[in-house]
Amino acid sequence: MDDLPAQLLDALRKARRVAVLTGAGISAESGVPTFRDAQTGLWAKYEPTQLATPEAFARDPRLVWEWYAWRRELCSAAKPNAGHLALVELEKRFADFTLTTQNVDGLHLLAGSRRVLELHGSIRRYKCFDTGRLLEGEPPHCDNPPPRHPQTGGMLRPDVVWFGEALPEAALMESLRAAREADIYLTIGTSALVYPAAALPIEAQRAGATVVEINPTETPCSKFATFSLRGKAGEVLPAIVQALGE
Ligand code: BJW
């Protein structure tokens, strides 16, 4: 990638509070498909309203269950990449560091990031569709999926946030606080189309943060960014860590 802007490195060296938003793009180099990339994105092959809404699950729970079971396998096989690992290093460097992710793949935690706010839940957990009660452990074997929650008897679903559903309130509030207090806000590998997550970098910019976008392509967030670094997260983030170390 091109040389990093000296002004960006200077701002990072002076920063005390750093907040980060990640999206599917950071996991692309781990082999986890994004949603909206043409050809390779999930929504190029599947219709979101048929799979990622509570209405879809109510209509055809088996289809939705099996689609998520397939994706869970993909996520379980994936390993954190150089982008995830660089964020672990950045967390060590700043006393106040908040990592908010829209990803449900769990790769930031697997990489070793300590404080991760999972805004859209986790594909590695399950809950009861009727009551929201979380499942402890693995789902019971079932010949006619979805399996049932052993305590509530309701159908199990992944603990992810579907369209039209509220985000986990504590994670959202903490992400907003971090955005409003950040000196530097990094938005990485997200198309910045899905709200309320997409509002976080805008909030940060309004509150005076230097917003840095890391994405090979332009997004609606680009106009709020002080620096747009056009490259892959797995290349740009390690370059930042290396430059700061010097
Ligand atoms: C790389 C790269 C590399 C590639 N390196 N980069 C305001 C305005 C308009 C609409 C709304 C609004 N507020 C709410 C809405 C409605 C809706 C919404 O936003 N709709 C828009 C799409 C129009 N939002 C909601 O419904 C949310 N809920 C809500 O607001 O509830 C209100 C409520 C309150 C109280 C009670 C009840 C309700 C919920 C949103 C949930 C989103 N869920 C999903 C699925 C999660 C489960 C699953 O995984 O299946 O979350 S949708 C999907 O999109 C997933 C993602 O987290 C999310 C964002 O996608 P992301 O991460 O940006 O991925 P892509 O693919 O879009 O982009 C990848 C990017 O990476 C690209 O830019 C590439 O260029 C880049 N890239 N390789 C760096 N190597």
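Relative to the assigned elements, Thr-101 resides in strand S2 (residues 96–101). Overall, Thr-101 belongs to the buried group, its relative accessible area being 2%. Separated by 2.7 Å, the side chains of Thr-101 and Thr-22 make a polar contact. Excluding its chain neighbours within four sequence positions, the residues that come into contact with Thr-101 are Thr-22, His-108, Val-116, Leu-117, Glu-118, Leu-119 and His-120.

What the domain assignment reports for the protein chain is domain 1 (1–31 + 79–120 + 167–246) and domain 2 (33–77 + 126–160). Distance between the C-alpha centres of domain 1 and domain 2: 27 Å. The partner domain 2 presents nine residues to the eleven residues of domain 1 that form the contact. The contact between domain 1 and domain 2 buries some 740 Å² in all, and 63% of this surface belongs to carbon and sulfur atoms. Here domain 1 is connected to domain 2 by zero salt bridges. The interface formed by domain 1 and domain 2 holds zero residue pairs in polar contact (both at pLDDT 80 or more) in total. Its residues assigned to classes, the side of domain 1 that touches domain 2 shows five nonpolar, four polar and two charged.

On to the site of the ligand. As a structural note, the neighbourhood of the ligand is formed by 34 residues, with Arg-36, Tyr-68, Arg-71, Thr-190 and Ser-191 the closest of them. Note that an oxygen atom of the ligand is positioned 2.6 Å from one of the side-chain N or O atoms of Tyr-68. When the ligand sits alone it has 1,500 Å² of accessible area, and the protein chains cover 74% of it. Those elements giving two or more residues to the shell around the ligand turn out to be helix H2 (25–28) and helix H6 (61–77). Lining the shell around the ligand are residues from two domains, each supplying at least three of them: domain 1 (1–31 + 79–120 + 167–246) and domain 2 (33–77 + 126–160).

A few words now on the pattern of salt bridges. All told, the structure shown has 14 salt bridges when counted by the stated rule. A salt bridge links Glu-174 to Arg-115, with the nearest nitrogen and oxygen atoms 2.7 Å apart. In this pair, Glu-174 sits in helix H9 (residues 169–181) while Arg-115 sits in the loop between helix H8 (107–111) and strand S3 (116–118), placing the two residues 59 residues apart along the sequence. The partly exposed category is assigned to Glu-174, whose relative accessible area is 24%. Since its relative accessible area comes to 35%, Arg-115 is described here as partly exposed. Notably, a salt bridge pairs Arg-230 with Glu-213, separated by 3.3 Å at the nearest N-O pair. A residue pair is termed long-range when its members are at least 10 positions apart, and Arg-230 in the loop between strand S8 (227–229) and helix H11 (233–245) and Glu-213 in strand S7 (residues 210–214) qualify at 17 residues. According to the relative accessible area criterion, Arg-230 is partly exposed, its value standing at 39%. Judged by relative accessible area, Glu-213 falls into the buried class, the value being 1%.

The next thing to look at is the nonpolar core. Leu-87, Ile-188, Leu-229 and Leu-237 are the most contacted members of the largest nonpolar core, which totals 28 residues. Sort the elements by how many residues they give to this core and H11 lands first, with six residues. Here Ile-188 is in contact with Val-20, Leu-21, Thr-22, Gly-23, Ile-26, Leu-87, Ile-214, Ala-233 and Leu-237, once residues within four sequence places are set aside.

Basis of the calculations
Residues numbered from 1 in each chain as written. Predicted model: local features only at pLDDT ≥ 70, side-chain atom pairs only at ≥ 80, totals over all residues. Heavy atoms only, no water. Helix = DSSP H or I, 4+ residues; strand = E, 2+ residues; numbered from the N terminus. Buried < 20%, exposed > 50% of the residue type's maximum accessible area, 1.4 Å probe, protein only. Polar contact = N/O pair within 3.5 Å; in protein donor to acceptor, adjacent residues only side chain to side chain. Contact = heavy atoms within 4.5 Å. Domains from an automatic or database assignment. Buried area = accessible area lost by both parts, 1.4 Å probe. Salt bridge = Lys/Arg side-chain N within 4 Å of Asp/Glu carboxyl O. Nonpolar A, V, L, I, M, F, W, Y, C, P; charged D, E, K, R; others polar. Near = heavy atom within 4 Å. Areas by Shrake-Rupley, 256 points an atom, 1.4 Å probe, with all protein chains shown as cover. Core = buried A, V, L, I, M, F, W, Y, C linked by side-chain atoms within 4.5 Å.

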